[in-house]
Amino acid sequence: MQHRRQPPSASRPGGLHPAASLLALLLVLALPRATAAPAGHEDTGRLPDAGLPRGLLQHAARAALHFFNFRAGSPSALRVLAAVQEGRAWINQKKECQVDLAFTTESYNQEEGEERLGKCSARVLFRNQKPRPAVNVTCSRLIEKKQRQEEDYLLYKQMKQLKTPLDVISMPDSHGHIDPSLRPIWDLAFLGSSYVMWEKTTQFLQYYMMQLSRVKLWKTDDDEIDFDYTVLLHEFSTQEIIPCHIHLVWYPGKTLKVKHHCQELQTPEEASGAEEGSAAALTDLSRTSREKRSVYTES
Amino acid sequence: MRLILFLGALLGHIYCRETFVGDQVLEIIPRNEEQIKNLVELEAEEHLQLDFWKSPNNPGQPVHVRVPFVSLQAVKVFLESQGIAYSIMIEDVQVLLDKENEEMLFNRRRERNGNYNFGAYHSLEEISQEMDHLVAEYPALVSKVKIGYSFQNRPMNVLKFSTGGDKPAIWLDAGIHAREWVTQATALWTANKIASDYGNDPSVTSILDTMDIFLLPVTNPDGYVFSQTTNRMWRKTRSRVPGSYCVGVDPNRNWDADFGGPGASDNPCSDSYHGPSANSEAEVKSIVDFIKTHGNIKAFITLHSYSQLLMFPYGYTCSNSDDFDELNKVAQKAANSLTNLYGTNYKVGPICSVIYQASGGSIDWAYDYGIKYSFAFELRDTGRYGFLLPANQILPTAEETWCGLNTIMEHVRDSISTDTPGSKHH
């Protein structure tokens, strides 16, 4: 498409052609502005970073978001990672991996079109291969609290209108499709799964929610949504699919109550017998000491 | 009518390029030689990224130029300051392209021949039928080559794209991991793209005039069928060892590249189980035998999902390969071309630093065997849907992936032109 003709050599001796100088001025104006800060690099603090795993910043951001989503407790206002803006990582003397980072988020619930970019900053402390990283995260407010409560209540009403007990197998289906009327179920399940995913995350293990199998939905006497389901989590570094049984109780504005039990990877010997789960422990987060060290703020 | 010609030419130019939101097409009529000179100087300013559809020639003859959004103000100010008259022919190029694109997509999605919808997920039988259909429709170019059998005795069918002769070749496979359905779907679309573009698209034509392409759309047919009928999340083959309770081996830990090393499991129940020995899996052995027998494979490309990555060796070690610089440059170029279509972001680099250390992988084996251009794609998305990518993303995924594949193939083609003919592998 582009014809390139050689610009004629300057015909006037001394002094710039007036148009050329104007051009030069315009060039300066037209030059693209400095781009946004590039994605952070993995720096080391006091100790060599021999143990730092790949994609640590993204990993830390996702861990922070699992925690944030759970604590926000709002199935209509879930966030996913958009991009890491900057970050640093250290390994401290206790062999803990600390990550400070800033990242942008987008809305999980919205499909294409509406782009609401949020900003978060977080400090994530991975405890030397132990799960449940300590998270201190602050995110910009995307929508007013009142609107968020309204949208949560709308979601709640949509769920109440579903016929119960609801028996759904495989959501999404094999082709990635979720029936729009059942979408609130997925969002609420994602909220509950966020807790479980945070709970299992280590500096080497990261989780994604793949699919719901076996969904049961009841209502309790006080109108809470009582939700029992099995979720398939995908752990990235091992590529394993981890089925987790989750039982949650939710009412808009009230703290989410979550019970869970995940199936661990079988060894060949164990595989021949049935895998009986131990009794699921009720998880009341306010009691957990690790939880106390984690902080979530929406500014 | 003129507009249609412009758009047609523009569309041909823009496939795999960036979007044009806010860009305008201006018509400028220079009145004298001085104004012509100004426009020529403007044309030479690279930073403005002007795209002249009709270049400045003689006074009184209209000049047409597409001005990117970011340069609009500067250009208009310049024209006005020089007293050069202009008018806006197209207010927003993207709006027009969107309409045109919509129609294009609609036409593409309509049944082309028979009932195969490339924008949907298909059973193994449907895929096999469509492969036969392509062979029947393009007999001079496409043939089917059986390279072996799976554990459960399903044929491993490869599509060969060839314009004849004993040419060097590109290897492309998909679906080595059963649950990564967007890869098999992308492979079918790609097969159709290559077949229908030969003779029409200069790039595909020159690639196939220089090299053959071997495409294996379903590398793990047993696993694929199992993921369709029983367990959507199945990854491995379906091989059984007598006495073992757990089924299957991770076919991408089974290659002879630091087999049994880090990043692979020796637990048969694990999804990354490397298997009893290298090439123990029939599916892997079939490919290895084929590549060795052919003797002149110049590129080895494999498709996975998900994560949006374009990677090259090594996975089994975190040391860089000898060809790091070149492979990195090619991969970067390919990823940029991919991103330019729909804005999908890809990360680029060696497997070990981009994803994780993993031994026994296919492109590590291919590279160490002597196939320099070895690449692995991880297609959409980044985890929102993961393996369960909705079918409405198949076509955009395939289209953008093609931009990346095409870039790599062109580079391989160009490298062959400087090769000594008849060079073979050890």
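Residues numbered from 1 in each chain as written. Chains lettered and ligands numbered in written order. Predicted model: local features only at pLDDT ≥ 70, side-chain atom pairs only at ≥ 80, totals over all residues. Heavy atoms only, no water.

**Some thoughts on the overall build of chain A**
Looking only at helices and strands, one finds 6 helices and 11 strands in chain A. Taken over 299 residues, chain A has a buried fraction of 48%. Surface summary for chain A: the accessible area is close to 15500 Å², and the carbon and sulfur share equals 52%. (Helix = DSSP H or I, 4+ residues; strand = E, 2+ residues; numbered from the N terminus. Buried < 20%, exposed > 50% of the residue type's maximum accessible area, 1.4 Å probe, protein only. Areas by Shrake-Rupley, 256 points an atom, 1.4 Å probe, with all protein chains shown as cover.)

**Some remarks on the UniProt feature "domain: Peptidase M14" (unreviewed entry) in chain B**
The positions UniProt marks with the feature "domain: Peptidase M14" (unreviewed entry) are residues 120–412 of chain B. A distance of 31 Å separates the end C-alpha atoms of residues 120–412 of chain B, which is 38% helix and 17% strand. (UniProt positions renumbered as here; feature names shortened; annotations may be inferred.)

**Some points on the UniProt feature "active site" (unreviewed entry) in chain B**
Residue and element names in this part refer to chain B. Mapped onto the present numbering, the UniProt feature "active site" (unreviewed entry) falls on E378. Within the element layout of this structure, E378 appears in strand β12 (residues 373–379). At 3.4 Å, the side chain of E378 and the backbone nitrogen of S305 are in polar contact. (Polar contact = N/O pair within 3.5 Å; in protein donor to acceptor, adjacent residues only side chain to side chain.)

**Brief notes about the pairing of strand β7 (residues 225–235) of chain A**
Residue and element names in this part refer to chain A. Most of β7 is tucked away, with 11 of its 11 residues classed as buried. Alternating residues of β7 divide into I225, F227, Y229, V231, L233 and E235 and D226, D228, T230, L232 and H234, and every residue in both groups is buried. Across 11 bridges, the pairing between strand β6 (residues 207–219) and β7 is antiparallel. Note on β7: the bridge partner recorded for Q211 is L232. Hairpin connection from β6 to β7: 5 residues lie between these consecutive antiparallel strands, with D223 at a positive phi of about 70°. One ladder, built from 10 bridges, connects β7 with strand β8 (residues 241–250); its direction is antiparallel. By the bridge assignment, I225 is partnered in β8 with W250. The hairpin formed by β7 and β8 contains 5 residues between the paired strands, and Q239 there has a positive phi angle of roughly 65°. (Pairing = 2+ DSSP bridges.)

**Description of the sheet that holds β12 of chain B**
Residues and elements named next belong to chain B. One open sheet holds the 8 strands; their spatial order is β5-β6-β8-β7-β9-β12-β10-β11, and the pairing between them is mixed. Looking at the sheet topology across the chains shown, the edges are occupied by β5 (142–149) and β11 (347–350). Strand-to-strand twist in this sheet, taken as the mean axis angle between neighbours without regard to direction, amounts to 20°. Bridging between strand β10 (residues 309–312) and β11 involves 4 bridges; their strand directions are parallel. Looking at the pairing, M311 lines up with G349 of β11. (Axes fitted to C-alpha atoms, helices over the stretch in contact; angles between N-to-C directions.)

**Focus on the side chain of T237 of chain B**
Residue and element names in this part refer to chain B. Following the sequence through the fold, T237 ends up in the loop between α8 (221–229) and α9 (282–294). Within polar-contact distance, the side chain of T237 engages the side chain of S239 at 3.3 Å. Once you skip the residues sitting within four places of it in the chain, T237 turns out to touch N220, G248, V249, P251, E281 and E283. (Contact = heavy atoms within 4.5 Å.)

**Here we look at the environment of G55 of chain A**
The residue G55 of chain A is located in the loop between α1 (18–30) and α2 (56–72) in this model. C-alpha of G55 of chain A to C-alpha of M209 of chain A: the two residues are 154 residues apart in sequence and 19 Å apart in space.

**Comments concerning the nonpolar core**
Membership of the largest hydrophobic core comes to 102 residues, with the highest contact counts inside it found for F161, W171, I291, F300, F375 and F377 of chain B. Discounting chain neighbours no more than four positions away, the residues touching F300 of chain B are W171, D173, W255, I287, I291, S362, I363, A366, I371, Y373, S374 and F375 of chain B. Membership of the second largest hydrophobic core comes to 64 residues, among which are L65, L155, L188 and V215 of chain A. (Core = buried A, V, L, I, M, F, W, Y, C linked by side-chain atoms within 4.5 Å.)

**A word on the state of the cysteines**
Summed over the entire model, instances satisfying the criterion amount to 4 disulfides over all chains. Here C120 of chain A is linked by a disulfide to C139 of chain A, with a sulfur-sulfur distance of 2.0 Å. What sets the handedness of the C120 of chain A and C139 of chain A disulfide is the S-S torsion sign, and at about 105° it is right-handed. Separated by 19 residues along the polypeptide, C120 of chain A in strand β3 (residues 118–127) and C139 of chain A in strand β4 (residues 130–139) bring together distant segments of the chain. Note on accessibility: C120 of chain A and C139 of chain A belong to one class, buried. Between C244 of chain A and C262 of chain A runs a disulfide, and the two sulfur atoms are separated by 2.0 Å. Taking the torsion about the sulfur-sulfur bond, which here is approximately 105°, the covalent link between C244 of chain A and C262 of chain A counts as right-handed. Highlighted residues: C244 of chain A in strand β8 and C262 of chain A in strand β9 (residues 257–262), separated in sequence by 18 residues. Owing to a relative accessible area of 8%, C262 of chain A belongs among the buried residues under this scheme. Sequence-ordered numbering of the bonded cysteines in chain A yields a pairing of 1-2, 3-4. Here C97 of chain A is not disulfide-linked; the sulfur of C318 of chain B is the nearest cysteine sulfur, at 16 Å. (Disulfide = S-S within 2.5 Å.)

**Regarding helix α6 (residues 181–197) of chain B**
Residue and element names in this part refer to chain B. Relative to the 24 Å expected for 17 residues at 1.5 Å per residue, α6 spans 24 Å between its end C-alpha atoms, a close match to the ideal helical length. The element α6 is extensively covered by neighbouring structure, given that 16 of its 17 residues are classed as buried. In the segment just after α6, G199 is the residue with positive phi, at about 90°. (Expected span 1.5 Å × (residues − 1).)

**Considering the pattern of salt bridges**
All names here are of chain B. Enumeration over the complete set of coordinates arrives at 22 salt bridges over all chains. D250 is the partner of R235 in a salt bridge, and the nearest nitrogen-oxygen pair spans 2.6 Å. With R235 in the loop between α8 and α9 and D250 in the loop between α8 and α9, the pair connects residues that are 15 residues apart, well separated along the chain. Given the relative accessible area of 2%, R235 is considered buried. Between D414 and R413 there is a salt bridge; the shortest N-O distance is 3.0 Å. According to the relative accessible area criterion, R413 is buried, its value standing at 16%. (Salt bridge = Lys/Arg side-chain N within 4 Å of Asp/Glu carboxyl O.)

**Some points on the sheet that holds strand β1 (residues 24–28) of chain B**
Residues and elements named next belong to chain B. The 4 strands lie next to each other as β2-β3-β1-β4, forming an open sheet whose pairing is antiparallel. Looking at which strands have only one partner, the edges of the open sheet turn out to be β2 (51–54) and β4 (86–90). On average, each strand axis in the sheet is inclined to that of its neighbour by 30°, with strand direction left out of account. In the sheet, β1 pairs with strand β3 (residues 63–67) via 5 bridges, with the strands oriented antiparallel. Across the sheet, residue V25 finds its bridge partner in β3, namely R66.

**Structural notes on the confidence of the model for chain A**
Residues and elements named next belong to chain A. With 69% of its residues at a pLDDT of 70 or more, chain A shows a mean pLDDT of 77. Scored below 50 in pLDDT, residues 1–16 makes 29 contacts in the model with residues more than four places away or belonging to other chains. Across residues 273–292, confidence stays below pLDDT 50; counting only partners more than four residues off in sequence or on other chains, it has 28 contacts. (pLDDT = per-residue confidence, 0-100.)

**Considering the environment of D228 of chain A**
Residues and elements named next belong to chain A. Within the fold, D228 resides in strand β7. Exposure remark for D228: the relative accessible area of 10% places this residue in the buried category. Put simply, D228 and I246 are 18 residues apart on the chain and 5.9 Å apart in space, counted from C-alpha to C-alpha. With residues up to four places along the chain from it excluded, the contact list for D228 reads R214, V215, K216, W218, H245, I246 and H247. A polar atom in the side chain of D228 sits 3.1 Å from the side chain of R214. Looking at D228, its side chain comes within polar contact range of the side chain of H245, at 2.9 Å.

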